[in-house]
Amino acid sequence: MTKAISQVPYAYNEPVRSYEPGSAEVESLLATYRQMWNEKPEIPMVIGGKDVTTANKVRLQSPQDHQHDFGSYFKGDMSDVDAAIEAALAAKPKWNALPWEQRASIFLKAAELAAGPYRDRLNAATMIGQSKNVHQAEIDSACEFIDFLRYNVEFMTEMYSEQPVSDHGIWNRVEYRPLEGFCFAVTPFNFTAISGNLPSCMAMMGNVVVWKPSEKQIYSAHIIMQLFREAGLPDGVINMIFTDGKETSEKILAHPDFAGLHFTGSTSVFQGMWKLIGDNIHNYKTYPRIVGETGGKDFVVAHKTAIPEAVAANLVRGAFEYQGQKCSAASRAYISKSIWDEVKASMEAQLKTVKMGSPEDPSNFVNAVIDKNSFEKCKGYIERAKESSDAEILFGGRCDDSKGWFVEPTVILTENPKYESFCEEIFGPILSIYIFDDEKWEETLKLVDETSPYSLTGSIFAQDRYIIDEAYKALENAAGNFYINDKPTGAVVGQQPFGGARASGTNDKAGSKMNLIRWVSVRSIKETFVPARNYKYPYLG
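What counts, and at which threshold
- Residues numbered from 1 in each chain as written.
- Predicted model: local features only at pLDDT ≥ 70, side-chain atom pairs only at ≥ 80, totals over all residues.
- Heavy atoms only, no water.
- Axes fitted to C-alpha atoms, helices over the stretch in contact; angles between N-to-C directions.
- Helix = DSSP H or I, 4+ residues; strand = E, 2+ residues; numbered from the N terminus.
- Parallel < 35°, antiparallel > 145°, perpendicular 65-115°, else oblique.
- Left-handed = near helix turned anticlockwise from the far one by under 90°.
- Contact = heavy atoms within 4.5 Å.
- Domains from an automatic or database assignment.
- Buried area = accessible area lost by both parts, 1.4 Å probe.
- Pairing = 2+ DSSP bridges.
- Buried < 20%, exposed > 50% of the residue type's maximum accessible area, 1.4 Å probe, protein only.
- Arc of directions from axis to C-beta.
- Polar contact = N/O pair within 3.5 Å; in protein donor to acceptor, adjacent residues only side chain to side chain.
- Patch = residues over 30% accessible without salt bridge, like charges linked within 9 Å, V, L, I, M, F, W, Y side chains within 5 Å.
- Areas by Shrake-Rupley, 256 points an atom, 1.4 Å probe, with all protein chains shown as cover.
- Salt bridge = Lys/Arg side-chain N within 4 Å of Asp/Glu carboxyl O.
- Lys, Arg positive; Asp, Glu negative; His and termini not counted.
- Charge placed at Lys NZ, Arg CZ, Asp CG, Glu CD.
- Right-handed = clockwise from strand over helix to strand, strands pointing away.
- Phe/Tyr/Trp six-rings, centres within 6.5 Å; stacked < 30°, edge-to-face > 60°.

**Points about the packing of helix α5 (residues 134–161) against helix α6 (residues 192–204)**
- Remark: α5 packs on α6, axes separated minimally by 8 Å, with the N-to-C direction vectors making an angle of 20°. Looking at the two axes, α5 sits roughly parallel to α6. Crossing angle aside, the handedness with which α5 passes α6 is right-handed. Residues Asp-140, Ser-141, Glu-144, Phe-145, Phe-148, Leu-149, Asn-152, Val-153 and Met-156 of α5 lie in contact with α6, whose contacting residues are Thr-192, Ala-193, Gly-196, Asn-197, Ser-200, Cys-201 and Met-204.

**Quick word on the domain arrangement of the chain**
- Each assigned domain of the chain is listed here: domain 1 (25–56 + 72–294 + 505–525) and domain 2 (298–484).
- Measuring from the centre of the C-alpha atoms in domain 1 to the corresponding centre in domain 2 gives 32 Å.
- Each partner contributes to the interface: domain 1 provides 20 residues, whereas domain 2 provides 21 residues.
- Summed over both sides, the interface of domain 1 with domain 2 buries roughly 1,800 Å², with 57% coming from carbon and sulfur.

**Remarks on the sheet that holds strand β12 (residues 298–302)**
- A sheet is described by the order of its strands in space; here seven strands give the open sequence β14-β17-β18-β13-β12-β20-β21, paired in mixed fashion. In the strand order of this sheet, the two ends are held by β14 (391–395) and β21 (481–484), each with one partner. Mean inter-strand twist for the sheet, computed between neighbouring axes without regard to direction, equals 20°.
- Strand direction decides the pairing type here: β12 and strand β20 (residues 457–461), joined by four bridges, are parallel. Looking at the pairing, Val-301 lines up with Ile-460 of β20.
- Of the strands in this sheet, β12, β13 (330–336), β17 (410–414), β18 (430–436) and β20 are in contact with helix α10 (residues 308–320), which crosses β13 at around 165°.
- Across the sheet, helix α14 (residues 441–451) touches β12, β13, β18 and β20, and the angle it forms with β13 is around 170°.

**A short note on helix α8 (residues 245–252)**
- Listed in full, the buried residues belonging to α8 are Thr-248, Ser-249 and Ile-252. In an axial view of α8, the angular spread of the buried residues amounts to 100°, which keeps them on one side of the axis.
- Buried residues belonging to α8 abut α2 (78–97), β7 (182–186), β8 (209–212), β10 (258–264) and α9 (267–279).
- You can read the cap of α8 off the contacts: a side-chain oxygen lies 3.3 Å from the backbone nitrogen of Lys-246, and it is on Asp-244.

**A few points about a negative patch on the surface**
- Where like charges cluster on the molecular surface, the negative patch consists of Glu-376, Glu-383, Glu-387, Asp-400 and Asp-401.
- Residue contributions to the negative patch peak at three residues, all from helix α12 (residues 372–387).
- Looking at the element boundaries, Asp-401 is found in the loop between β15 (399–400) and β16 (406–407).
- By relative accessible area, which is 33% here, Asp-401 ends up partly exposed.

**A closer look at helix α15 (residues 465–474)**
- Looking at α15, one finds that the buried residues are Ile-467, Ile-468 and Ala-471. Along the long axis of α15, the arc covered by the buried residues comes to 100°, so they all point the same way. What points out from α15, more than 90 degrees from its buried face, is the exposed set Arg-465, Tyr-466, Tyr-472 and Lys-473.
- The inward-facing, buried residues of α15 contact α14, β20 and β21.
- At the N-terminal boundary of α15, the capping side chain belongs to Asp-464, with an oxygen 2.8 Å from the backbone nitrogen of Tyr-466.

**With respect to the pairing of β20**
- Among the five residues in β20, five count as buried, and that is most of the element.
- Side chains Thr-457, Ser-459 and Phe-461 of β20 all project onto a buried face; the interleaved residues Gly-458 and Ile-460 project onto the opposite face, where all are buried too.
- Taken together, the four bridges between β20 and β21 define a ladder with parallel strand orientation. Across the sheet, Ser-459 pairs through a bridge with Tyr-483, a residue of β21.
- In terms of handedness, the path from β20 via α15 over to β21 forms a crossover that is right-handed.

**Looking at the packing of aromatic side chains**
- In total, this model carries 19 aromatic pairs according to the counting rule given.
- On the basis of an interplanar angle of 80° and a centroid distance of 6.1 Å, the ring pair of Phe-107 and Phe-228 is categorised as edge-to-face. Of this pair, Phe-107 sits in helix α3 (residues 100–115) while Phe-228 sits in helix α7 (residues 218–231), and the two are 121 residues apart along the sequence.
- Between Phe-436 and Trp-441, the aromatic rings sit 6.1 Å apart at their centres with planes inclined by 40°, giving tilted as the arrangement.
- Through a chain of ring-to-ring contacts, three or more aromatic side chains come together here, namely Trp-100, Tyr-160 and Tyr-176.

**Regarding the side chain of Asp-508**
- Mapping Asp-508 onto the fold places it in the loop between β22 (501–502) and α16 (513–516).
- Using a relative accessible area of 14% as the deciding quantity, one classes Asp-508 as buried.
- Here the side chain of Asp-508 touches Arg-518 through a polar contact of 3.2 Å, side chain to side chain.
- Setting aside residues no more than four positions away along its own chain, Asp-508 makes contact with Ile-290, Val-291, Met-514, Asn-515 and Arg-518.

**Things to note about the sheet that holds strand β1 (residues 42–43)**
- Read from one edge of the open sheet, three strands run β1-β5-β4, paired in mixed fashion. At either margin of the open sheet sits one strand with a lone partner, and together these are β1 and β4 (57–62).
- In this structure, β1 lies alongside strand β5 (residues 65–74), joined through two bridges in parallel fashion. The residue of β5 that forms the bridge with Ile-43 is Tyr-73.

Following this line, the structure appears as structure tokens:
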């Protein structure tokens, strides 16, 4: 039993290292990258604290060199899913009973391990397995992951401290119980930080978790699990499995003890899982919590009062950082005709300096897309644009899969604002641009709002404050994260809670207290110090 009201360390955002050429930090990271490139680990599942191997060993290929096997993982089957559920439920009573300060200590220690001895390994694994350059790996697998751990502890304590008022003679209080049952975390390839956050934030609130990372992110997930174990996470609290997605979902979502889903991935998969939960709703002991962040078709709108160079720079960053493989990436832009020539010239000048290649060379701004399927999808959009009467390739357009899955940053210019690349999520380094007449500003805002089923992120560039306010109001439901004179990517934990609505998800805002409250079940307690001894109220005389 705790005998103090503990104050946790003040949360702060982890400083981003610059990795300037020749610096000690970049040399250390690149040395770790080269070492890990040749280590070829055999990565097990982790169930009940035990490393689990199988007869089915799958090789891991690097996106920037698909001839290179940098390791392998052991793929499981449905018996491993059963074992993970059993291990989670077996760990639940003891984990639930652990004081919150002890849980907080584990994840605060994990943050310090990630900031220190694990930093290079987390970044290098992300560079090798997910083809992120040194900066993209740093802001994701190091800084954002660390921020999630630190801020979630602070958010947890803030939540616990929120208590009801009490009248004379009574004491009202609430407790924030873990969900009854086990939780399921499904994480994507594109952000190591998301992969670490989804299972850990549920566990921090006292829940037990079955975690299925993307098969394209297994290497950095492996490092995360090593880190959690070193931080002191008890066996069975988070169980990491590598199993078939569809079969795993069907088994887990049919279990009577299933209590919550924390998902980041494709819209279609999330909708399918939601339907499965609905079909099984009569089987559950309690109504499951469903939290999902899915796709985006994120916009940039530039008014005639915008600064052309700022529009161009933020389009290059917003569309092409991490090859556009961010759910928040700028993928459709609407530019006022009167500033277009300047925006175009600035984009052209900047894109000419962009280098593409392996993350091992820190001067490469663009790296490989994640796999062959992504490469072929991007290539298809580019080839159709080249043949279309509605579109033209303005910049880029080259694809090369001879060594890695490389797609050049590509800008499609179209006179049809409903052209396919304007409406469909591509998840690659392809930006579509539509030029609108200056006098059609209000009409264009309506077009932005209605073109896509998604509502994740969006940006407005303008210097006129009345125009900014007009866009702010007109696009109220078009983006869960709205940016003014900035790119629509790069949300920081504790600063910009992240998530969108419509087809983009449940908008439960990762990186905020709003998300954590989804993983608890509140119990209200009323204690009366001197209870009534007769049923009669005063009005009865």
